[in-house]
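# A closer look at the structure
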Amino acid sequence: MEYKAVKGTRDFLPLQMQKRNYIFDTITSVYKSHGFLQIETPAMENLSTLMGKYGEEGDKLLFKILDSGMFLRSEKFSSFEQEINQSRINKAASMICEKGLRYDLTVPFARFVVNHQNDIVFPFKRYQIQPVWRADKPQKGRYREFYQCDADIIGSNSLMNEVELLEIISEVFNRLRLNVTIKLNNRKILAAIASIIGHEDKITEITVAIDKLDKIGLNGVEQELSQDGFTNDDIASLRPILQIKGSNEEKISTLKTFVSTNEQGVKGLEELQYVLDKCKTVGIDNVEFDITLARGLNYYTGAIVEVKADDVAMGSITGGGRYDNLTGIFGLKDVSGVGISFGADRIYDCLEELDLFPEDIKTATNVLFINFGEKESEKCLELAKNLRSANISCEVYPDSSKMQKQMKYANNRNIPFVCLLGENEISNNTIVIKNMLSGEQTTINQHELCQYFK
RNA sequence: GUAUCUGUAGUUCAGCGGUUAGAGCACCGGAUUGUGGUUCCGGUUGUCGUGAGUUCGAAUCUCACCAGGUACCCCA
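Model, not experiment: these values are computed from the prediction. (Residues numbered from 1 in each chain as written. Chains lettered and ligands numbered in written order. Predicted model: local features only at pLDDT ≥ 70, side-chain atom pairs only at ≥ 80, totals over all residues. Heavy atoms only, no water.)

## Regarding helix H15 (residues 344-353)
- Counting buried positions along H15 yields seven of 10 residues, so the element is predominantly enclosed.
- Those residues of H15 not exposed but buried are Ala344, Asp345, Ile347, Tyr348, Asp349, Cys350 and Leu351.
- On the buried face of H15, the contacting elements are helix H1 (14-33), strand S6 (145-154), helix H7 (160-175), strand S9 (303-309) and strand S11 (337-343).
- Following H15 by one or two positions, Asp355 adopts a phi angle in the positive range, close to 55 degrees. (Buried < 20%, exposed > 50% of the residue type's maximum accessible area, 1.4 Å probe, protein only. Helix = DSSP H or I, 4+ residues; strand = E, 2+ residues; numbered from the N terminus. Contact = heavy atoms within 4.5 Å.)

Quick look at the structure:
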């Protein structure tokens with residue numbers, strides 16, 4: 001086939017849209033039940049807004065948009081060529097691209113909050129369901145265009161917000177009937193660990209290495225750390241952290257002694273303890289303190305959270321955390337926010353794999369009127385109008401084709417009821433209703449039709 | 001960036017050196033002019049990813065290129 005959708009992007013068929021909307025509707029209704037307000041932001045942002053917020057890897061994965069028109073003045077061409085020749089792609093790109101597609105919804109939201117600070121009420125609780133784009137190589141559970149479903153609370157330091165977001169996560173996955181584990185950590189603890197072994201500047205290296213613990217094991221992590229310039233002494237002092245085990249309480253008590261001399265670490269542990277305690281009061285029992293959880297995004301400063309499906313091999317399906325300084329970058333200081341993001345496409349893949357989509361979401365039309373000809377279908381139009389005003393979706397088959405074809409249409413469209421109204425029925429004011437699931441049919445009076453479907 | 005697998009009908013795939021390249025599904029028609037989903041019969045569908053090489057002979061073997069998937073990295 002010659003013309004295809006761009007690699008990593010997809011068309012969605014009607015059935016897929018019905019399933020996707022089931023996910024979006026579930027998340028939206030939970031968000032609304034907590035009083036979150038919806039916003040949208042543009043697909044593209046200035047690169048100055050996006051660059052430098054996601055870490056080195058993130059910058060590489062930004063889709064950049066070529067400036068329109070005379071994008072490169074001839075006098076600049078030689079310096080552009082020079083940058084290209086030296087493989088300084090970002091520098092070269094900045095000369096011909098000023099815009100890029102958004103990489104997530106959080107950074108544009110921070111820009112939004114700064115721009116509209118006088119028009120919104122703080123603490124501001126917003127939700128946003130839109131696509132984001134990443135120039136990644138696609139594979140299972142990884143797309144170049146995918147939907148994030150974000151909820152953030154900005155303008156409040158309270159840890160109640162963390163708890164509310166965890167409640168939302170729990171509620172959404174309950175409603176979707178998907179078993180998950182919520183992994184929780186705190187950047188302050190990670191920063192304290194880095195500080196205690198004397199490598200404050202290497203938080204990223206430490207977190208990335210710790211994050212790989214379950215993948216490459218203790219030896220692998222230690223090897224990686226020594227490649228990153230950590231001495232054997234550093235690694236030895238880190239070992240109790242790398243080998244931490246047990247329940248949430250046991251892990252916390254191990255850490256308490258480890259970070260007791262570090263103010264930030266103590267604070268992080270207190271925050272973590274508070275959130276875990278409150279989770280217990282609201283009945284969330286699948287939260288796990290996971291010291292290996294790091295998250296690549298630069299802007300997180302406090303709680304960080306990630307959700308994994310228990311019964312499917314899939315990357316994280318929800319992520320989030322607290323960011324104390326994100327709006328500061330755009331010129332609004334001392335506004336802290338915390339947010340989460342559901343990855344709708346990965347959740348879709350999980351539900352599909354476990355066959356957890358409800359059957360009834362396939363039904364778009366409840367009743368099909370079989371078309372027997374001009375006179376008969378005219379009567380059907382009348383009855384269809386009545387059904388619709390009673391809020392029952394229905395349609396009249398447009399051609400008086402063979403019955404087999406019309407019935408097949410109802411079957412393929414998952415229409416649960418078919419109405420037959422032919423010559424006989426017209427003459428005695430009746431109508432035949434066939435249940436497509438059971439195959440049973442009944443004959444009723446035409447004026448009883450609305451009542452029948454109520 | 002690294003590794004690995006796969007490109008054959010609308011689709012899922014079989015054929016893996018030897019006549020004119022097949023099957024299921026889908027689609028169309030019929031058995032059945034007022035009954036779908038189950039059954040039976042018939043029909044349509046191809047630059048075998050592209051190019052070169054090996055060979056008497058290539059969908060099949062080799063190489064290059066193009067396209068797609070998967071794993072690592074990272075992430076939702």
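Next comes the rest of the description.
## Observations concerning the pairing of strand S10 (residues 318-323)
- Of all six residues that make up S10, six are buried, and the element is covered over most of its length.
- Burial along S10 is two-sided: the residues Thr318, Gly320 and Arg322 and Gly319, Gly321 and Tyr323 are all buried.
- With four bridges connecting them, S9 and S10 associate as antiparallel partners. Paired with Val305 across the strands is Gly320, a residue of S10.
- Bridging between S10 and S11 involves six bridges; their strand directions are antiparallel. Among the inter-strand pairings, Arg322 is bridged to a residue of S11, identified as Val338. (Pairing = 2+ DSSP bridges.)

## As for the side chain of Asp290
- Residue placement: Asp290 occurs in the loop between strand S8 (287-289) and S9.
- The exposure class of Asp290 is buried, given its relative accessible area of 9%.
- Polar contacts involving the side chain of Asp290 include one to the side chain of Thr292, which spans 2.6 Å.
- In this view, Asp290 contacts Lys183, Leu184 and Asn185; residues no more than four positions away in its chain are not counted. (Polar contact = N/O pair within 3.5 Å; in protein donor to acceptor, adjacent residues only side chain to side chain.)

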